[in-house]
Amino acid sequence: MNKIYPSASAALADIVRDGQTFAVGGFGLCGIPEALIAALRDTGVQQLTCISNNAGVDGFGLGLLLESRQIKKMISSYVGENKEFERQYLAGELELEFVPQGTLAEKLRAGGAGIPAFFTKTGVGTLVAEGKETRDFDGETYLMERALTADVALIKAWKADKSGNLIYRRTARNFNPMAATAGKITVVEVEEIVENGTFDPDQVHTPGIFIDRIVLNAHPEKRIEQRTLRTLRTES
């Protein structure tokens, strides 16, 4: 089975439609599938629900889909870098489900593992707990959280072999492994594709069984959300 597609747009052409739920990897702008997000925008699909740690920034990442008004709901942990997100939410134009960061990771992991729900102490006694079941274990109160799955997962990895076995690079791993397993269809954007058998099996972070389609983006932009520079002074 050939999993490699010639472009991001080709990889998405026959699997995206209005009203779908997408799980999108990344943390801030680190490890986001840049080309796949742009290609998703170009499809013109509407009324999307996006599960992602954050919503990109204005004009980049998921910010592109917010500008084009293709997202109806975000399930996220942090959205403070996106002014358009703020504007739409405050105007009542965008639905938002805030999820504590560790809980979001576990909701995706559980979804990928076929676990429908789990209990956590995070959020007990806060707004996060409103409308959710609680239960006591060993004298402590826990909150039940439902798992998350997605119609399509868009993720970013460093390298893939032709079977879709993935290696992530450092902190760009972040939410990508969990998103990969939570998608009914998972499309990965990588910087390098190698022959099968190249990887030591112990190096593989996500097995190829979870990956349906592979797209090469050898030179991603890799923007930084907030670049801070400091002038170093040396003593004369």
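Because the structure is predicted, anything quoted here is derived from the model rather than measured.

Caption draft 1: Broad picture of the environment of leucine 104. Within the secondary structure, leucine 104 sits in helix H5 (residues 101–113). Leucine 104 sits in the buried class, given a relative accessible area of 0%. Along the chain, leucine 104 and leucine 143 lie 39 residues apart, while their C-alpha atoms are 14 Å from each other. In this view, leucine 104 contacts Ile51, Ser52, Asn53, Ile75, Ser76, Ser77, Val99, Leu148 and Phe175; residues no more than four positions away in its chain are not counted.

Caption draft 2: Spotlight on the pairing of strand S7 (residues 134–137). The pairing of S7 with strand S8 (residues 140–146) spans 4 bridges and is classified as antiparallel. Note on S8: the bridge partner recorded for threonine 134 is leucine 143. Joining the antiparallel neighbours S7 and S8 is a turn of 2 residues, in which aspartate 138 adopts a positive phi near 55 degrees.

Caption draft 3: Layout of the sheet that holds S8. Strand order in the open sheet formed by 3 strands is S6-S8-S7, and the pairing between neighbours is antiparallel. Because the sheet does not close on itself, it has two edges, and the strands there are strand S6 (117–120) and S7. This sheet shows a mean twist of 40 degrees between the axes of neighbouring strands, independent of strand direction. In terms of strand pairing, S6 meets S8 through 4 bridges, oriented antiparallel. Its bridge partner lying in S8, threonine 120 is registered against leucine 143. The strands touched by H5 within the sheet are S6 and S8, with S6 carrying the most contacts at an inclination of about 155 degrees.

Caption draft 4: Representation of the pairing of strand S4 (residues 71–76). Inspection of the sheet shows strand S3 (residues 48–51) paired to S4 by 4 bridges, in the parallel sense. Bridging from a neighbouring strand, isoleucine 51 pairs with isoleucine 75 of S4. Looking at chain direction, S4 and strand S5 (residues 95–98) are connected through 4 bridges and run parallel. Bridged to serine 76 within S5 is phenylalanine 98. For the crossover from S4 across helix H4 (residues 83–90) to S5, the handedness is right-handed.

Caption draft 5: Seen up close, the packing of aromatic side chains. In this structure the tally under the stated criterion is 2 aromatic pairs. When the centroid spacing of 5.2 Å and the interplanar angle of 65 degrees are considered together, the rings of phenylalanine 119 and phenylalanine 137 count as edge-to-face. Placement of the pair is phenylalanine 119 in strand S6 and phenylalanine 137 in strand S7, with a sequence separation of 18 residues. Ring geometry for phenylalanine 137 versus tyrosine 142: centroids 5.6 Å apart, planes at 80 degrees, classification edge-to-face.

The rules behind the values
For every chain, the first residue of the written sequence is number 1, and numbering continues from 1 along that sequence. Thresholds applied to this predicted model are a pLDDT of at least 70 for local features of residues and 80 or more for the giving and counting of side-chain atom pairs; totals over whole chains, interfaces and linings are not thresholded and use all residues. By convention in this description, side-chain values take in all heavy atoms of the structure and omit both hydrogens and water. Each helix is a run of DSSP H or I of at least 4 residues and each strand a run of E of at least 2, with the numbering of both proceeding from the N terminus. Accessible area is worked out with a 1.4 Å probe on protein chains only. A residue is then buried under 20% of its type maximum, exposed over 50%, and partly exposed in between. Residue contacts are defined here by distance: any two heavy atoms, one from each residue, within 4.5 Å place the two residues in contact. Strands were regarded as paired on the criterion that DSSP finds at least two bridges between them. Each axis is a line fitted through C-alpha atoms, and for a helix only the stretch in contact is used; angles between axes span 0 to 180 degrees, taken between their N-to-C directions. Looking down the strands as they point away from the viewer, one classifies a crossover as right-handed if the path from the first strand across the helix to the second runs clockwise. Under the pairing criterion, centres of Phe, Tyr and Trp rings, with the six-membered ring standing for Trp, must be within 6.5 Å; the plane angle then separates stacked pairs below 30 degrees from edge-to-face pairs above 60, leaving the rest tilted.

These figures come from the coordinates and say nothing about function on their own.
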